[in-house]
Number of protein chains: 2
Amino acid sequence: MLDISFTEAQSDAKVTALLQTLCETWHSTIPVSQFMNIKPVLFNGDSLQVTAPLEPNVNLHHTMFAGSIYTLMTLTGWGMVWLQQQLSQAHGDIVLADAKVRYLKPVTKQPYAKVIWPYTDLNPLNRGRRVKITLEVALYCDDIMCATFTGQFVSLPPKNISID
Amino acid sequence: MLDISFTEAQSDAKVTALLQTLCETWHSTIPVSQFMNIKPVLFNGDSLQVTAPLEPNVNLHHTMFAGSIYTLMTLTGWGMVWLQQQLSQAHGDIVLADAKVRYLKPVTKQPYAKVIWPYTDLNPLNRGRRVKITLEVALYCDDIMCATFTGQFVSLPPKNISID
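Please read these numbers as outputs of a predicted model, since none were measured by experiment.

Engineer: For this particular structure, what's the right way to read the pairing of strand 6 (residues 144-156) of chain B?
Structural biologist: In the case of a regular strand, side chains alternate between the two sheet surfaces. Residues and elements named next belong to chain B. With 10 bridges connecting them, strand 3 (residues 93-103) and strand 6 associate as antiparallel partners. The residue bridging aspartate 98 from the neighbouring strand is glutamine 152, located in strand 6. The loop that links strand 5 (residues 131-141) with its antiparallel partner strand 6 comprises two residues; one of these, aspartate 142, has a positive phi angle of about 55 degrees.

Have a look at this one:
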């Protein structure tokens with residue numbers, strides 16, 4: 001667990017280390033994320049951008065596969081919750097409860113998925129209570145929005161302190 | 001394109017060949033589906049079952065990754081439309097327009113996804129018109145329903161005969 005707070009004085013090096021840890025967590029525990037070559041690329045405390053190349057993620061139309069688009073957006077949302085937990089030193093297992101996705105345009109080049117953090121108090125986790133967070137993720141290709149995702153994430157406190 | 005009709009006289013060999021072609025189509029055009037080792041296993045004209053092993057599809061909780069669950073259910077729906085097009089000799093490019101997914105229970109063993117064909121007339125495709133199909137897919141593990149998926153699929157007629 002990295003012990004940092006995100007402030008204006010936050011160094012680029014610490015952000016890079018945090019994103020590197022996130023990427024390694026994905027690739028070492030979720031084989032599909034490694035195959036897809038999903039990588040976080042930008043985080044400023046409120047906004048996270050995550051990308052994946054087209055090549056391992058194509059479909060038979062040579063555009064990005066609907067399943068890959070969904071997975072990229074799911075991990076973007078998951079990654080944002082994980083990053084916020086690191087910043088607030090809150091501990092919780094993050095799961096996805098449900099999601100809606102809309103495919104607006106074919107993705108013909110490497111896209112990036114973007115999510116903004118809606119302020120959500122994560123402190124209940126450290127008091128043994130679960131936290132629910134609804135995240136909106138958008139996927140862009142050449143700055144054109146190609147897909148949208150709304151997901152309900154739940155972070156569950158470690159079992160030894162869980163009270164609900 | 002296989003030229004068959006699904007009747008009571010349909011031989012197991014022809015169904016096997018049809019599912020083999022579906023599997024090869026997925027694995028040769030969608031690299032993620034091959035990595036996930038997604039395979040159609042049962043088709044009786046109205047019902048399709050598709051599976052994938054847990055190992056390449058785990059998450060950091062050692063259960064099935066939410067993105068893999070979604071992809072398995074998406075391809076189950078796509079596969080059903082593809083199979084019905086083969087049976088009715090209709091030609092169309094199948095895409096997913098939107099979807100909703102709910103995760104009900106962790107998937108701890110190899111699951112299977114199941115979809116039932118709601119009668120939908122595919123003949124408009126051969127008159128150059130698109131067809132929309134809403135499919136409900138359920139994912140089971142040890143006969144317990146662990147996830148549900150509702151997807152709106154659209155099949156687009158070949159461009160040279162498309163009129164909408």
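Engineer: I'm lost on the sheet that holds strand 2 (residues 47-51) of chain A in this one. Help?
Structural biologist: Strand pairing in a sheet is mediated by backbone hydrogen bonds. Such pairs are either parallel or antiparallel. The sheet built from 12 strands is open, its strands ordered 1(A)-2(A)-4(A)-5(A)-6(A)-3(A)-3(B)-6(B)-5(B)-4(B)-2(B)-1(B) with antiparallel pairing. Strands at the two margins of the open sheet, each flanked by one partner only, are strand 1 (39-43) of chain A together with strand 1 (39-43) of chain B. Strand-to-strand twist of the sheet, defined as the mean angle between neighbouring strand axes without regard to direction, takes the value 25 degrees. Each of strand 1 and strand 2 of chain A touches helix 1 (residues 12-29) of chain A; the most contacted strand, strand 1 of chain A, lies at about 155 degrees to it. Packing against the sheet, helix 3 (residues 66-88) of chain B makes contact with strand 3 (93-103) of chain A together with strand 1, strand 2 (47-51), strand 3, strand 4 (112-116), strand 5 and strand 6 of chain B, and its axis sits at approximately 140 degrees to strand 3 of chain B.

Engineer: Looking at this structure, how should I read the environment of glutamate 55 of chain A?
Structural biologist: Within the secondary structure layout, glutamate 55 of chain A lies in the loop between strand 2 and helix 3 (66-88). Here the alpha-carbon distance between glutamate 55 of chain A and lysine 109 of chain A, two residues 54 residues apart in the chain, equals 9.3 Å.

Parameters at a glance
- Residues numbered from 1 in each chain as written.
- Chains lettered and ligands numbered in written order.
- Predicted model: local features only at pLDDT ≥ 70, side-chain atom pairs only at ≥ 80, totals over all residues.
- Heavy atoms only, no water.
- Pairing = 2+ DSSP bridges.
- Helix = DSSP H or I, 4+ residues; strand = E, 2+ residues; numbered from the N terminus.
- Axes fitted to C-alpha atoms, helices over the stretch in contact; angles between N-to-C directions.
- Contact = heavy atoms within 4.5 Å.

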